[in-house]
Amino acid sequence: MAMPDVSVIIAVRNGARWIRRCIESVLDLQYPREAIEILVVDNGSTEGTLSILRSLQPVVRLLHVTRC
């Protein structure tokens with residue numbers, strides 16, 4: 001029986017120190033990688049989080065929201 005697809009949504013703002021490890025933790029789960037979608041919602045990071053997330057594409061899908 002195939003495992004169902006799952007989506008993991010991670011919200012972040014200025015999380016450059018930990019975002020890579022957070023995503024690695026999701027990928028380290030004992031679950032088929034092809035069944036995991038990782039969506040990261042960035043809320044206006046200003047300290048390098050976006051470049052880290054861009055380097056992890058296409059493993060993660062990135063949604064960047066500009067803060068008001």
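Residues numbered from 1 in each chain as written. Predicted model: local features only at pLDDT ≥ 70, side-chain atom pairs only at ≥ 80, totals over all residues. Heavy atoms only, no water.

(A) Structural detail: the pattern of salt bridges. All chains considered together, the criterion is met by three salt bridges. The salt bridge involving Glu37 is made with Arg61; its shortest N-O contact spans 2.5 Å. With a gap of 24 residues between them, Glu37 in strand E2 (residues 36-43) and Arg61 in strand E3 (residues 60-65) connect regions that are remote in the sequence. Owing to a relative accessible area of 29%, Glu37 belongs among the partly exposed residues under this scheme. (Salt bridge = Lys/Arg side-chain N within 4 Å of Asp/Glu carboxyl O. Helix = DSSP H or I, 4+ residues; strand = E, 2+ residues; numbered from the N terminus. Buried < 20%, exposed > 50% of the residue type's maximum accessible area, 1.4 Å probe, protein only.)

(B) Structural detail: the pairing of E2. Of the two faces of E2, only the one carrying Ile36, Ile38, Val40 and Asp42 is buried; Glu37, Leu39, Val41 and Asn43 on the other face are not. Pairing geometry for strand E1 (residues 6-12) and E2, over seven bridges, is parallel. Residue Ile9 lies in a different strand from E2, and its bridge partner there is Leu39. Following the chain from E1 across helix H1 (residues 19-27) to the adjacent parallel E2, one finds a crossover that is right-handed. Where E2 meets E3, six bridges bridge the pair, whose relative direction is parallel. By the bridge assignment, Ile38 is partnered in E3 with Val60. (Pairing = 2+ DSSP bridges. Right-handed = clockwise from strand over helix to strand, strands pointing away.)

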